[in-house]
Amino acid sequence: MAEGSLSITVLGSGTSTGVPTLGCHCPVCTSSDPRDNRLRPSIWVGYNGRGILVDTTPDFRTQALRANIERVDAILFTHSHADHIMGLDDVRPFNFRQGGTIPIYGSPETMQNIQRAFKYIFDGRETESSRPRLVCHTFDEEPFEVCGISIVPIRLNHGKGTVHGFRLGASAYLTDHSDIPAESKSKLENLDVLFLDALRHKPHPTHSTVERSLETVAELKPKQAYFTHICHDLGHEKTEQSFPPNVHLAYDGLKIEVRL
Ligand SMILES: [Zn+2]
Ligand SMILES: [Zn+2]
Ligand SMILES: [Zn+2]
């Protein structure tokens, strides 16, 4: 693996509805703390002048403007739920700027769903307007290389569905999951930074809770953990006060340097 460090930017830390949630007037949705303002979940990873995007949320354009994202050299998809794919069309300006195509990576099921949801991108028909220029790649359980970085897919249970997290060097990003299978846990040792789904306190059939993710942290012992995919039940400041010192709530715009 190459020397150096990765720069991870949290583009969004919110659940599928985002926070504030439309029409809601609860204390978190009306909070003046910017960390309580959460767009849909995604990260951007910078390495050696290149950028890897994890998921393209419905907020992608806003997120890229806000975080001054100037490159997208590859896109990794965790799964095909709407909150993780619907901004895909907005990568077109990066095709224009960078020239060439952008490789995208997902499990066979995820890639099939993306190709169905964005039929016009992939059907190869003549078009009078622009569409994203993408090259599809599927992964199984084996590591693959993107932008000179080895990416380890981490299989996760998302209720009855299967999704993937990714390990990059000493960091791992595990959004939407209810359970981490034992064989996936063995790929998550010696982490400096671990991102984990932690929707809320109340149990949910497809998402981890704060309590469950605290247990995961205690078991996997990363140096630092950041919880994401957060709903409006959790106010940033108050929730974080109850955490051990190495556990944090992620927030939009958070930037972390991690060794590769
Ligand atoms: Zn989600
Ligand atoms: Zn609310
Ligand atoms: Zn999901």
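See the structure printed just above.
About the criteria used
Going along each chain's sequence as written, the residues are numbered from 1 onward. The lettering of chains begins at A and the numbering of ligands begins at 1, in the order of writing. Confidence filtering applies because this is a predicted model: local features only for residues at pLDDT of at least 70, side-chain atom pairs given and counted only at 80 or more, and all residues used for totals across whole chains, interfaces and linings. The side-chain figures draw on all heavy atoms in the structure; neither hydrogens nor water molecules are used. Coordination shells were defined by N, O and S atoms within 2.8 Å of each metal, extended to 3.2 Å for Na, K and Ca; water is absent from the atom set, which can make sites look incomplete. Tetrahedral means four donors with every angle between 85 and 135 degrees, whereas square planar (four donors) and octahedral (six donors) require angles over 155 degrees between opposite donors and between 65 and 115 for all others; sites fitting neither are termed irregular. Burial status follows relative accessibility: with a 1.4 Å probe on protein chains alone, a residue under 20% of its type maximum counts as buried, one over 50% as exposed, and anything between as partly exposed. The numbering of helices and of strands both runs from the N terminus, where a helix is a DSSP run of H or I of at least 4 residues and a strand a run of E of at least 2. Any N or O atom pair separated by 3.5 Å or less is treated as a polar contact, with the protein-specific requirement of one donor-capable and one acceptor-capable atom, and with residues adjacent in sequence counted only for side-chain atom pairs. Two strands make a pair as long as DSSP finds a minimum of two bridges between them. Orientation is described by lines fitted to C-alpha atoms, with helices fitted over the stretch in contact, and by angles between N-to-C directions that extend from 0 to 180 degrees.

This part covers the coordination of the zinc ion (ligand 2). Bound to the zinc ion (ligand 2) on the protein side are C24 (SG), C26 (SG), C29 (SG) and H232 (ND1), at distances that span 2.1 to 2.3 Å. Geometry at the zinc ion (ligand 2) is tetrahedral, judged from its 4 donor atoms and the angles of 104 to 115° they form at the metal. Read in sequence order, the donor residues for the zinc ion (ligand 2) give the motif C-x1-C-x2-C-x202-H. The same class applies to C26 as to C29, namely buried.

The residue R116 is located in helix α4 (residues 108-117) in this model. For R116 and I75, which are 41 residues apart along the polypeptide, the C-alpha to C-alpha distance reads 17 Å. Within the structure, the side chain of R116 is placed 2.7 Å from the side chain of N113, a separation counted as a polar contact.

We now examine the coordination of the zinc ion (ligand 3). When a metal holds four donors in a tetrahedron, each ideal angle between them is 109.5 degrees; when it holds six in an octahedron, the ideal angles are 90 or 180 degrees. Taken together, H79 (NE2), H81 (ND1), H158 (NE2) and D176 (OD) make up the full set of protein donors to the zinc ion (ligand 3), lying 2.2 to 2.4 Å away. Counting along the primary sequence, the residues that act as donors to the zinc ion (ligand 3) give the motif H-x1-H-x76-H-x17-D. If you look at the zinc ion (ligand 3) and the zinc ion (ligand 1), they sit 3.5 Å from each other and are both ligated by D176. Note that H81 is positioned in the loop between β4 (74-76) and α2 (82-85) and H158 in strand β8 (residues 149-158), a separation of 77 residues in sequence. Its relative accessible area of 41% is what places H81 among the partly exposed residues.

A word on the sheet that holds strand β6 (residues 134-138). Taken in spatial order, the 7 strands make up an open sheet running β6-β5-β4-β3-β2-β1-β14, and their pairing is mixed. Each edge of the sheet is formed by a strand with only one pairing partner; in this case those strands are β6 and β14 (255-259). Taken pair by pair, the neighbouring strands of this sheet meet at an average axis angle of 25°, ignoring direction.

What follows is about unusual backbone geometry. Cis peptide bonds are those with omega within 30 degrees of zero, and the linkage from V19 to P20 qualifies with 5°. Mapped onto the secondary structure, P20 falls in the loop between β1 (5-12) and β2 (42-47). The phi torsion at N48 lies on the positive side, around 55°, for a residue other than glycine. For N48, a relative accessible area of 66% corresponds to the exposed category. Positive phi, normally seen in glycine, also occurs at D55, with a value near 75°. With respect to the helices and strands, D55 occurs in the loop between β3 (50-54) and α1 (60-66).

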